[in-house]
Amino acid sequence: MAIYHFSAQAISRGKGQSAVASASYRSGEKLTDERTGEIKFYKREVQPDSMILSPENAPEWVQDRQQLWNEVEKMESNKNSRLAREINVALPVELSHGQQKELIKDYAKEQFVDKGMVADISIHRDDSNNPHAHIMLTIRPFDKEGEWVKQKSKKENILDKEGNFTYNKNGNKRTRKIDLIGWDKKELVQEWRKEWSNHANKMLEREGVNERIDHRSHADRELETQPTQHLGYKASAMEKEGVQTERGDYNREIGAYNQTVVDLQQYREAKQQLEREKERQQEQKANAEQFNTPVERTQLDSAAKLLKGEPTLEKINHRLKQIDGWQEKIDRNYKALEQKDGNFKTINDHLSGISSSQNQIKAHQEKLNSVGTFKGLTKDGKQTKQLAESEIQKHESIVKEHERKLKPYREKYGFNSKSEFKAIYQTYQNERPGLREDNRNQRGAMKRERDVLQKAGSALKNRFIQEVASRYPNNPEMAHMDYKTSQQIDYINKELGKTFSVKELKQLKEFSEKADSAIHSLKKQRSRLNHMDKSDSKNDIKLEQTHEKDYSKGQSDHSAGQKEKVDFAIDKYTQVQELSQRSSGGLFDGIIQGIEQAQRSMEQQQKQQSKTKPKHKQKQKGMADFELGE
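Residues numbered from 1 in each chain as written. Predicted model: local features only at pLDDT ≥ 70, side-chain atom pairs only at ≥ 80, totals over all residues. Heavy atoms only, no water.

**Quick look at the overall build of the protein**
Turning to step 1, where the next piece is worked out: A count of helices and strands for the protein gives 17 helices and 10 strands.
Turning to step 2, where the next piece is worked out: A buried classification covers 36% of the 630 residues belonging to the protein.
Turning to step 3, where the next piece is worked out: Once local pairs closer than 6 in sequence are excluded, the contacts in the protein between residues at least 24 apart make up 65%.
Turning to step 4, where the next piece is worked out: If you sum the accessible surface of the protein, you get close to 39,600 Å²; carbon and sulfur atoms cover 47% of it. (Helix = DSSP H or I, 4+ residues; strand = E, 2+ residues; numbered from the N terminus. Buried < 20%, exposed > 50% of the residue type's maximum accessible area, 1.4 Å probe, protein only. Contact = heavy atoms within 4.5 Å. Areas by Shrake-Rupley, 256 points an atom, 1.4 Å probe, with all protein chains shown as cover.)

See below:
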């Protein structure tokens, strides 16, 4: 499970720390501290994965870890100098070593290196369950000439070479550390924390990992669970060896508590989900009763049994694709049966041909044998012998040709003799009726299921059409629109945040075409309004009539003024413009064409109904219409 850990601290000589020693410990590299002459080395079982990142204006020598931190020791020479900043982060165990390295490298470059700092990064994997990275950062950036930056005092304070300035307070001299680029602000540390979770979550999402981390505290996230403590290297090693630590015991207690909270939360969520599902089903049932006919509701019930759940267009389309795959398999099996029938007929024809030719060879061989030596010298004998030999030769060629054509079939079905083939053929003949019956049954089942699903899909589409049409009670033609048009209208209404009338829907194309010029004109008006004196009625500027009519209707009667109307109109025109660009202009054309087609469909249906009604009923209906004043 991916965990969030981020800590920031300063490495300071005032705490008895050394930049060289710290770098050696974190990198696992042997380094010489030139200030003390000591060799620093901390042996590790697993060698850290280390790298140094530097800004473009930094000198090349910063890539030498020993020289880098010895130069820092020289530059920050005060007895209380801060030598480096250190960031410590836990790396997601769900990522590979390469992905972890890429993650920490990208984060350090964006947050620190691109802003002037040198970052010495070491990834520790001594514990496979606790991979983490140390980022040591220089306190000072480099200037354009590749020299350490030295800040000058803005007042009359004296700045020493360590970056401290001395000032007088109540007659006493005091020294205070200067933050060279404002990196000591608490807000910046919060930004680093937030960006670490952002970088890690983007990498986890990119690699298809569902886990996420969050930089916020449990209290800020309104979680009832309690955070555990980061074990650290020493405590982790002790726990690994079976030695219980204080932090380990604390984490185990918190873990047990959190599991209880999680179980309770899961119960609550499951209960809420069931309640939401129940509400959704009740809403669907109400919609079905309102917008579906009894026949359609029966069709939807049949589809629910097949799908083992509430039918949706997504589920239906998914199942229809599966049926298409099933159809292809059935077709292949049927073709295989047809092919096998043809192959066995061909084999049988070849074997019959071989038998026939072999019988001819035998008969002519007997004639040849009956001629004898003496008779063979006579004219008749010679003719008989010559004819027999010719026939034998011909039928031997026929047998060879049959055998040549039989060879691939012998290999495919595994037979050598006619008797072996007869056994194979008999087995197939016994199985064939069942195979064909099974194929027919599958085709029937597939056809019935497809029919049920297609009818249910049509019922769902019709329900959606009627739902959208119900928003237009004064436009009966809307009940005759197709599914695509209803989708487009619903999309427009949701995107623009209002239910457009049919007249307005037809005007949207015109609005989209003049959106560029309208937005430009309205922005000019807003600019003038921003500069005019609101208290001077003489400077009042009136909105262009076309734009006000187009999109100021949605404003409240208590509008703060013209500027609000202009802003409202700009916002709506921009939304229409974006919708037009996303749909390449086809969205509004489709709506207009769909509504016009719905009108024609309604008129055609009315004509057909009037033709089928008896004349006396038509007359009565007309009288009733007149009386009602329609």
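**Things to note about the nonpolar core**
Turning to step 1, where the next piece is worked out: M478, M481, I489, I492, L505 and L508 are the most contacted members of the largest nonpolar core, which totals 30 residues.
Turning to step 2, where the next piece is worked out: Among the secondary structure elements, those contributing two or more residues to this core are α10 (418-469), α11 (483-496), α12 (502-513), α13 (515-531), α15 (562-582) and α16 (586-612).
Turning to step 3, where the next piece is worked out: It is α15 that provides the largest number of residues to this core, a total of six residues.
Turning to step 4, where the next piece is worked out: Dropping the residues within four chain positions of it, I489 is found in contact with V468, Y472, M478, M481, L505, I591 and I595.
Turning to step 5, where the next piece is worked out: Judged by nonpolar contacts, the second largest core, of 28 residues, contains L91, I104, I123 and V209. (Core = buried A, V, L, I, M, F, W, Y, C linked by side-chain atoms within 4.5 Å.)

**Some thoughts on the side chain of R26**
Turning to step 1, where the next piece is worked out: Within the element layout of this structure, R26 appears in helix α1 (residues 19-27).
Turning to step 2, where the next piece is worked out: The exposure class assigned to R26 is buried, which follows from its relative accessible area of 13%.
Turning to step 3, where the next piece is worked out: Aside from chain neighbours lying at most four places away, what touches R26 is Q9, P48, E86, S122, H124, H134 and M136.

**Some remarks on the packing of aromatic side chains**
Turning to step 1, where the next piece is worked out: Per the counting criterion, the structure on display carries 14 aromatic pairs.
Turning to step 2, where the next piece is worked out: Between W61 and W148, the ring centres sit 6.4 Å apart and the planes meet at 65 degrees, which makes this aromatic pair edge-to-face. Highlighted residues: W61 in the loop between β4 (49-53) and α2 (65-75) and W148 in the loop between β7 (132-138) and β8 (158-159), separated in sequence by 87 residues.
Turning to step 3, where the next piece is worked out: Plain terms: the ring middles of F112 and W192 are 5.0 Å apart, the flat faces sit at 75 degrees to each other, and that makes the pair edge-to-face. Of this pair, F112 sits in the loop between α3 (97-111) and β6 (119-124) while W192 sits in helix α4 (residues 186-206), and the two are 80 residues apart along the sequence. Taken individually, F112 and W192 each receive the classification buried, so the pair is uniform in this respect.
Turning to step 4, where the next piece is worked out: Members of the aromatic cluster, joined through ring pairs, are F344, Y413, F415, F421, Y425 and Y428.
Turning to step 5, where the next piece is worked out: Above the ring of Y334, the side-chain terminus of R443 is found at 5.2 Å from the ring centroid. (Phe/Tyr/Trp six-rings, centres within 6.5 Å; stacked < 30°, edge-to-face > 60°. Lys NZ or Arg CZ within 6 Å of the ring centre and 35° of its normal.)

**Overview of the pairing of β7**
Turning to step 1, where the next piece is worked out: Among the seven residues of β7, seven are classified as buried, and the element is accordingly described as predominantly covered.
Turning to step 2, where the next piece is worked out: Covered by surrounding structure in β7 are H132, H134, M136 and T138 together with A133, I135 and L137, the residues of both alternating faces.
Turning to step 3, where the next piece is worked out: Summarising the sheet, strand β5 (residues 82-90) and β7 pair through seven bridges and their orientation is antiparallel. Looking across to β7, one finds that N88 is bridged to H134.
Turning to step 4, where the next piece is worked out: Note: β6 against β7, six bridges, orientation antiparallel. Each bridged residue has a counterpart across the sheet, and for I121 the counterpart in β7 is I135. (Pairing = 2+ DSSP bridges.)

**Comments concerning the side chain of S122**
Turning to step 1, where the next piece is worked out: Among the structural elements, S122 can be located in strand β6.
Turning to step 2, where the next piece is worked out: Residue S122 is classed as buried on the basis of its relative accessible area of 2%.
Turning to step 3, where the next piece is worked out: There is a polar contact of 3.2 Å between the side chain of S122 and the backbone oxygen of R26.
Turning to step 4, where the next piece is worked out: Only 3.1 Å separates the side chain of S122 from the side chain of S50, close enough to count as a polar contact.
Turning to step 5, where the next piece is worked out: When residues no more than four places from it in sequence are discounted, the contact partners of S122 are R26, S27, P48, D49, S50, H132, A133 and H134. (Polar contact = N/O pair within 3.5 Å; in protein donor to acceptor, adjacent residues only side chain to side chain.)

**A closer look at the environment of N198**
Turning to step 1, where the next piece is worked out: Summarising the element assignment, N198 is placed in helix α4.
Turning to step 2, where the next piece is worked out: Relative accessible area serves as the criterion here: at 28%, N198 is assigned to the partly exposed category.

**Here we look at the packing of α12 against α16**
Turning to step 1, where the next piece is worked out: Taken N-terminus to C-terminus, the directions of α12 and α16 make an angle of 150 degrees; their axes are 9 Å apart at the nearest point. Between α12 and α16 lies a crossing whose hand is left-handed. For the pair formed by α12 and α16, the contact residues are V502, L505, K506, L508, K509 and S512 on the first element and F588, D589, I591, I592 and I595 on the second.
Turning to step 2, where the next piece is worked out: Split by residue class, the contact of α12 with α16 holds seven nonpolar, one polar and three charged. (Axes fitted to C-alpha atoms, helices over the stretch in contact; angles between N-to-C directions. Left-handed = near helix turned anticlockwise from the far one by under 90°. Nonpolar A, V, L, I, M, F, W, Y, C, P; charged D, E, K, R; others polar.)

**Side note on the pattern of salt bridges**
Turning to step 1, where the next piece is worked out: For the coordinates displayed, the defined rule picks out 31 salt bridges.
Turning to step 2, where the next piece is worked out: Close ionic contact of R125 with D49 constitutes a salt bridge, the shortest N to O distance being 3.9 Å. Here the residue R125 occupies a position in the loop between β6 and β7, and D49 occupies one in strand β4, the gap between them amounting to 76 residues.
Turning to step 3, where the next piece is worked out: Classification of D49 as partly exposed rests on a relative accessible area of 22%.
Turning to step 4, where the next piece is worked out: Across the pair R450 and D324 runs a salt bridge whose closest N-O atoms are separated by 3.1 Å. Placement of the pair is R450 in helix α10 and D324 in helix α8 (residues 313-371), with a sequence separation of 126 residues. (Salt bridge = Lys/Arg side-chain N within 4 Å of Asp/Glu carboxyl O.)

**Topic: α12**
Turning to step 1, where the next piece is worked out: Restricting attention to buried positions, one finds in α12 the residues V502, E504, L505, L508, F511 and S512. Looking straight down α12, one finds its buried side chains confined to an arc of 160 degrees; they lie on one side. Those residues of α12 that are exposed and angled more than 90 degrees off the buried face are K503 and E513. (Arc of directions from axis to C-beta.)

**Re the confidence of the model for the protein**
Turning to step 1, where the next piece is worked out: Confidence along the protein averages 79 in pLDDT terms, with 77% of residues attaining 70 or more.
Turning to step 2, where the next piece is worked out: Low pLDDT, under 50, characterises residues 152-171; the stretch is placed with 42 contacts to residues that sit more than four places away or in other chains.
Turning to step 3, where the next piece is worked out: Across residues 533-560, where pLDDT falls below 50, the model places 48 contacts with residues more than four positions away in sequence or in other chains. (pLDDT = per-residue confidence, 0-100.)

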